[in-house]
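Structural features, examined
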Amino acid sequence: MKIVKFLGGLGNQMFQYAFYKALKHKFNAVKADTSGFNNYHLHNGLELEEIFPIKLDIVSASVAKLYNPDFNEWHHRKLRRILGLKGAYYQEQQEFYFDTEIFKDVKKKYYWGYWQNPLYFSDVEDELRKDFTFRKSLDTTNEERLIQMRTHESIAVHIRRGDYIGHELLGNICDLNYYQQAINYIKEHIQQPIFYFFSDDIEWCKSNFKNLEAVFIDGNIGVNNYIDMQLMSNCKHQIIANSSFSWWGAWLNTNPNKMVIGPKKWIHKNDEKDIGILPSNWIKI
């Protein structure tokens, strides 16, 4: 058996589901461990099954404990020896990089990580797009927005502030200069663009992008926050933040001529030019 640990916000859950789906494509027994959400008070908890028409194959709590070395009582240790699970726990070695050995390893494994590299799920891309179909109908306001986005040269701009302000690893990467460069690039290549701003600080966006043909999206908060991703995915082009939430908004965009702009630096501890999270045909600034 192989088990994938699920944790984090919606964007992270989607990467983990994509990894889980890819494993299912290669191996017979693959299950999800969602126990980390039992006492998880960040974001909106486990959202996948609420937002998308998917059903996780969830491992039992007793089996998950056998694979997870965090549970270290004597009977767990004894059963691990008997069942050959001592080396089953596998934590992601390098974030954002594709580990070519994962799909070659037939042994029992418990995977802990985020798996944020599209190479992990390139073989199941079509299935994922079906799985990541937003299943709930939009309200009148958002339906009108969606129609406008499909009608015009719409550019989704995602700006994440909130928990990113002052963040040691993720903060101050997608700064005002990044967005100005990205917007200028769009203006040079797209005629009559209309910029749709999505943010957890929409007032900051209004103050800093006054001179654009722009629409500032608000109102999709709490458990309805996912609607911002849904709307972003229906824009014709995207400017994303170093955020898995806006990454998926861009990836789900089915426009064959889409232009996606993302930051060439995703996280402060990674100084490499290309760490792999951005597909090769996305533009890096």
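Read on for a plain summary of the structure. (Residues numbered from 1 in each chain as written. Predicted model: local features only at pLDDT ≥ 70, side-chain atom pairs only at ≥ 80, totals over all residues. Heavy atoms only, no water.)

Observations regarding the sheet that holds strand β6 (residues 193-199)
Strand order across the open sheet formed by 6 strands is β7-β6-β5-β8-β9-β10, with parallel pairing between neighbours. Both outer strands of the open sheet, β7 (214-216) and β10 (283-284), are each paired with one neighbouring strand and no more. Where strand β5 (residues 153-159) meets β6, 7 bridges bridge the pair, whose relative direction is parallel. In the sheet register, V157 faces β6, and the bridge partner there is F197. (Pairing = 2+ DSSP bridges. Helix = DSSP H or I, 4+ residues; strand = E, 2+ residues; numbered from the N terminus.)

Here we look at the pairing of β5
With 6 of 7 residues buried, β5 is to be regarded as a mostly interior element. Here 3 bridges tie β5 to strand β8 (residues 237-239), and the two strands are oriented parallel to one another. Bridge pairing in β8 places V157 opposite I239. (Buried < 20%, exposed > 50% of the residue type's maximum accessible area, 1.4 Å probe, protein only.)

Looking at the packing of helix α9 (residues 226-234) against helix α10 (residues 244-251)
The interhelical angle for the contact between α9 and α10, taken along N-to-C directions, is 35°, at an axis separation of 7 Å. For the crossing formed where α9 meets α10, the hand is right-handed. Where α9 abuts α10, its residues Y226, D228, M229, M232 and S233 lie against F245, S246, W248 and G249. Residues belonging to the contact of α9 with α10 are distributed by class as follows: 5 nonpolar, 3 polar and 1 charged. (Axes fitted to C-alpha atoms, helices over the stretch in contact; angles between N-to-C directions. Left-handed = near helix turned anticlockwise from the far one by under 90°. Contact = heavy atoms within 4.5 Å. Nonpolar A, V, L, I, M, F, W, Y, C, P; charged D, E, K, R; others polar.)

Describing unusual backbone geometry
Residues other than glycine seldom take positive phi values, yet N172 does so here, at roughly 60°. Mapped onto the elements of the fold, N172 is located in the loop between β5 and α7 (176-189). Looking at N172, the relative accessible area reads 65%, which means it is exposed. Despite not being glycine, Q192 has its phi angle at roughly 50°, a positive value. The topology assignment puts Q192 in the loop between α7 and β6.

A few points about the environment of S60
With respect to the element layout, S60 can be found in the loop between α2 (48-51) and α3 (61-67). A relative accessible area of 36% places S60 in the partly exposed class. Put simply, S60 and K31 are 29 residues apart on the chain and 9.2 Å apart in space, counted from C-alpha to C-alpha.

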